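Coordinate analysis (summary)
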Amino acid sequence: MNDAPRAAPPRFFAQHARHLLGVQGMHPSRIEPFLDLAESYALMNRSRKTPRDRLRGRTVINLFFEDSTRTRTSFELAGKRLGADVVNMTVASSSVNKGETLLDTAATLNAMRTDLLVVRHSQSGAPALLARKVEASVVNAGDGTHEHPTQALLDALTIRRHFGTLHGLTVAICGDVSHSRVARSNIHLLTAMGARVRVVGPPTLIPGAIGALGVDVHYTMEDGLRDADVVMMLRMQRERMSGGQVPSAREYFRFYGLDHKRLAVARPQALVMHPGPMNRGVEIDSRVADSDQSAIREQVEMGVAVRMAVLDLLSRAGDAP
Amino acid sequence: MNAAIDATIFENVRLIDPARGLDRPGRLLVRGGVIAGIDLPAAEGAPEGARVIDGGGAILCPGLVDMRVAIGEPGFEYRETVLSAARAAAAGGITTMAVLPNSQPATDDPALVRHLRARGEETGMVSILPYGALTRQCEGAEMAEIGLLHEAGAIAFTDGPRALADTRMMRLALTYARGFDALVVQHPEEPALARGGCATDGELATRLGLPGIPAAAEAIMIARDLRLAELTRGRLHFCHVSTAEGLELIRAAKARGLRVTCDTAPPYFDLNETAIGDFRTYAKLSPPLRGEADRQAVCAALADGTIDAIASDHAPCDADDKRQPFAVASPGGTGLATLLAVTLAQVHGGALPMIEALGLLTHRPAALLRSRAGTLSDGAAADLCLFDPERAWRVEADRMPGKAQNTPFDGRALEGRVLGTWKAGKPVFAHTDA
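Read on for an overview of the structure. Model, not experiment: these values are computed from the prediction. (Residues numbered from 1 in each chain as written. Chains lettered and ligands numbered in written order. Predicted model: local features only at pLDDT ≥ 70, side-chain atom pairs only at ≥ 80, totals over all residues. Heavy atoms only, no water.)

1. Concerning the overall build of chain A
- The number of helices and strands found in chain A is 13 helices and nine strands.
- Looking at the 321 residues of chain A, the share that counts as buried comes to 59%.
- A separation threshold of at least 6 residues defines the contact pool for chain A, and within that pool the share at least 24 residues apart is 76%.
- When the accessible surface of chain A is split by element, carbon and sulfur atoms take 49% of a total near 13,400 Å². (Helix = DSSP H or I, 4+ residues; strand = E, 2+ residues; numbered from the N terminus. Buried < 20%, exposed > 50% of the residue type's maximum accessible area, 1.4 Å probe, protein only. Contact = heavy atoms within 4.5 Å. Areas by Shrake-Rupley, 256 points an atom, 1.4 Å probe, with all protein chains shown as cover.)

If you want it as structure tokens, here you go:
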């Protein structure tokens, strides 16, 4: 048995990019170190023995322009478990719209000598804009309908823990794909790692060009879930829809909600996932959400581990090998 | 007054006047601010005391006529003023520009039309041809005073960057404008389909998570308006046409004899949607940049004459309007200073003969607007542009003339440099390599 630590070798850190803005175009050789290190942090979290000195003296600011208690708390725990000084800044998007530009915020953060900046914003590309102007490493914690890279990493880790690999698996991503950054990041990451990805949902919620991202498109759950290894449900983001894309929640659940009957067409013991928070009775039936096949709580657990790995690796990007 | 002192001779130039099919080496005489004659290179007899300008073999053509320019004045002077726009225009060889009415207040009052014309004259650098608002405040609900605005000197009618969505109102406007034989200019984009979007629907918008606008939004509006033009027999012009489907509809309508014309702008034949790259807001335009097939269709329509003019579609934005996440950043790009050189890329690439390209920038837009500008004819105002078609340069956003820096061509290497611009015989721009 190999007793060597599972964390990536030091050479990796120097080569690693300073920011994590998305997973599009990311090579497996860059993805795997995140997953490997997160795996070891998951074990440490369970034994409550995390290296509290890893980020000692470093400042992490969680800059959230959009409400997200779960993601913010997950990043906050991740930073604190590694000994960082974590500060939460919640900025109402409206104040930015009133004329205070993101770049003013960047200048403020530079003046505060922040090491790591975790950004959530309702607009696609906002973290990328900040990353060009701040000295800190930027982690995209979800931008508009663009990407949510740590969610994709935690989903990948959860799947890998169940199947041992991502390669060759069939993953069905179901629901409001149009408005979902989770869907995009997962499509990029899972296909890069050799999984086959399907998207399933009503045509009004599936972008017409999504096939170009290397996925198969299905408009009925029965077709999309057939023999799937993983069924990943998306939150029905009603607040984002301008109206008219789906007639009603009742109709949506009737045709696209995940219940035991639909799940039965997937592989036996197919893994059920959801990025949360769930709309029970809209996209997922409670009995499925709480069943043995559900990995939803494990996703939350892996979320903290993945974010620890991300903060750790980014904080060391550029260090001498 | 000694008339000879007021004379200028341009020597050693290649004279191109697309309005008359003229393209030959020669000399051009300017007297009293108007063109007084063209002769051969070796001709004698320049007026005594005339200024002599050696063009060094460069091309001398009519000052360019830009039929679509937004300026910030009145109301948005922090973006651009008449004076700053005039400086940028002069640097681009433009001596006449048609300005959009969506100012604050909108150009829906005859007094504003007169004011804008006068402001152009005050600069001494450029003629301003104001568009009149097609509807009051460009809001699409009530028809503007088209007759009074026309009388005051509005050269055509449009709601600027807003499409007139209401089909009944468009029918009324086309019908009413016909009474003055006035041109109605439409931004061809079905607004309900475009609402909330910021990039062309497709793979790139999907990858970037940007709300998309289907390319069909253009064709749908064009198809509707062509039918209305047929119904009303009005004169209709579509600005910045950017899709193969839209151009095909216009091509077919022209073949049927409809009084319909169109223009496009350099971003739509020189760039495709990949220019938005990693959320580059300078390349966020309205309509959005299209896919490569559409770009090629625009090039083909320039070559086959379907497109009647090239306009800069100059839309200055303040830095704070662009330093925003892509979807909320203001759309638009500057274009006055790059209009000629980007168009020349089509010439250098073999897609357009030089004389055709210059025609799209001079007499053809002038004809659409029924302006006397855009020609080197005897007696015409000596509005002139001298340029070296081979001189290479690189666009640098922060070194552009004018107030705004939001050029989508930032970093683009170009061939073709304006060396000098003259308005009514008076030099208003001279290039320096500094």
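2. Regarding the sheet that holds strand E7 (residues 94-99) of chain B
Residues and elements named next belong to chain B.
- Taken in spatial order, the three strands make up an open sheet running E6-E7-E8, and their pairing is parallel. The sheet is open, and its two borders are formed by strand E6 (64-69) and strand E8 (127-130), each paired with just one other strand. Strand-to-strand, the axes of this sheet are offset by a mean angle of 20°, without reference to chain direction.
- Of the strand pairs in this sheet, E7 and E8 are connected by four bridges, and their pairing is parallel. The residue bridging Ala98 from the neighbouring strand is Leu129, located in E8.
- Relative to the sheet, helix H1 (residues 82-91) contacts E7 and E8, its axis offset from that of E7 by approximately 135°. (Pairing = 2+ DSSP bridges. Axes fitted to C-alpha atoms, helices over the stretch in contact; angles between N-to-C directions.)

3. Looking at the interface of chain A and chain B
- Counting residues at the interface gives 22 residues for chain A, matched by 16 residues for chain B.
- Interface area, chain A with chain B, both sides summed: about 1,600 Å², of which 59% is carbon and sulfur.
- Interface area lost by chain A to chain B is led by A:Thr101, A:Gln123 and A:Ser124, which between them contribute 25%.
- The shortest N-O distance in the salt bridge between A:Arg132 and B:Asp278 comes to 3.9 Å. (Buried area = accessible area lost by both parts, 1.4 Å probe. Salt bridge = Lys/Arg side-chain N within 4 Å of Asp/Glu carboxyl O.)

4. Quick look at empty space enclosed by the protein
All names here are of chain B.
- Applying the stated criterion to the full structure yields one cavity of 30 Å³ or more.
- By volume, the largest cavity is sized at about 50 Å³.
- Ala88, His314, Thr334, Gly335, Leu336, Ala337, Met400, Pro401 and Ala404 together form the lining of the largest cavity.
- Tallied by class, the residues present in the lining of the largest cavity amount to six nonpolar, three polar and no charged. (1 Å grid on protein atoms, 1.4 Å probe; cavity = no way out; pocket = protein on both sides within 12 Å on 5 of 7 lines; lining within 4 Å. Points joined across faces, edges and corners; volume = space filled by probe spheres on them. Nonpolar A, V, L, I, M, F, W, Y, C, P; charged D, E, K, R; others polar.)

5. A closer look at the state of the cysteines
Residue and element names in this part refer to chain B.
- Inspection of every chain in the model, using the stated rule, returns zero disulfides over all chains.
- Free cysteine Cys299: the closest other cysteine sulfur is in Cys262, separated by 14 Å.
- In this structure Cys299 comes out as buried when scored by relative accessible area, which is 13%. (Disulfide = S-S within 2.5 Å.)

6. Things to note about the packing of helix H2 (residues 28-47) of chain A against helix H13 (residues 296-316) of chain A
All names here are of chain A.
- Close contact between H2 and H13 brings their axes to 8 Å; oriented N to C, the two are set at 125°. On the basis of their axis angle, the class for H2 and H13 is oblique. Here the hand of the crossing between H2 and H13 comes out right-handed. When H2 is examined against H13, the residues Pro33, Phe34, Leu37, Ala38, Tyr41, Ala42, Asn45 and Arg46 are found in contact with a partner set consisting of Glu301, Met302, Val304, Ala305, Val306, Met308, Ala309, Val310, Asp312, Leu313 and Arg316.
- Grouping the constituent residues of the contact of H2 with H13 by class yields 14 nonpolar, one polar and four charged. (Parallel < 35°, antiparallel > 145°, perpendicular 65-115°, else oblique. Left-handed = near helix turned anticlockwise from the far one by under 90°.)

7. Some details on the environment of B:Ala216
- Tracing the backbone through its elements, the reader meets B:Ala216 in helix H7 (residues 216-232).
- Along the primary structure B:Ala216 and B:Asp201 are separated by 15 residues, whereas in three dimensions their C-alpha atoms are 9.5 Å apart.

8. Quick notes on unusual backbone geometry
- In this chain, A:Gly276 is followed by A:Pro277 through a cis amide linkage whose omega measures -10°.
- Here A:Pro277 shows up in the loop between strand E9 (271-273) and helix H12 (286-289).
- A cis amide bond links B:Ser286 with the next residue in sequence, B:Pro287, at an omega value of 0°.
- Checked against the element boundaries, B:Pro287 lands in the loop between helix H9 (266-270) and helix H10 (292-303).
- A positive phi angle, close to 60°, is found at B:Arg233, a residue other than glycine.

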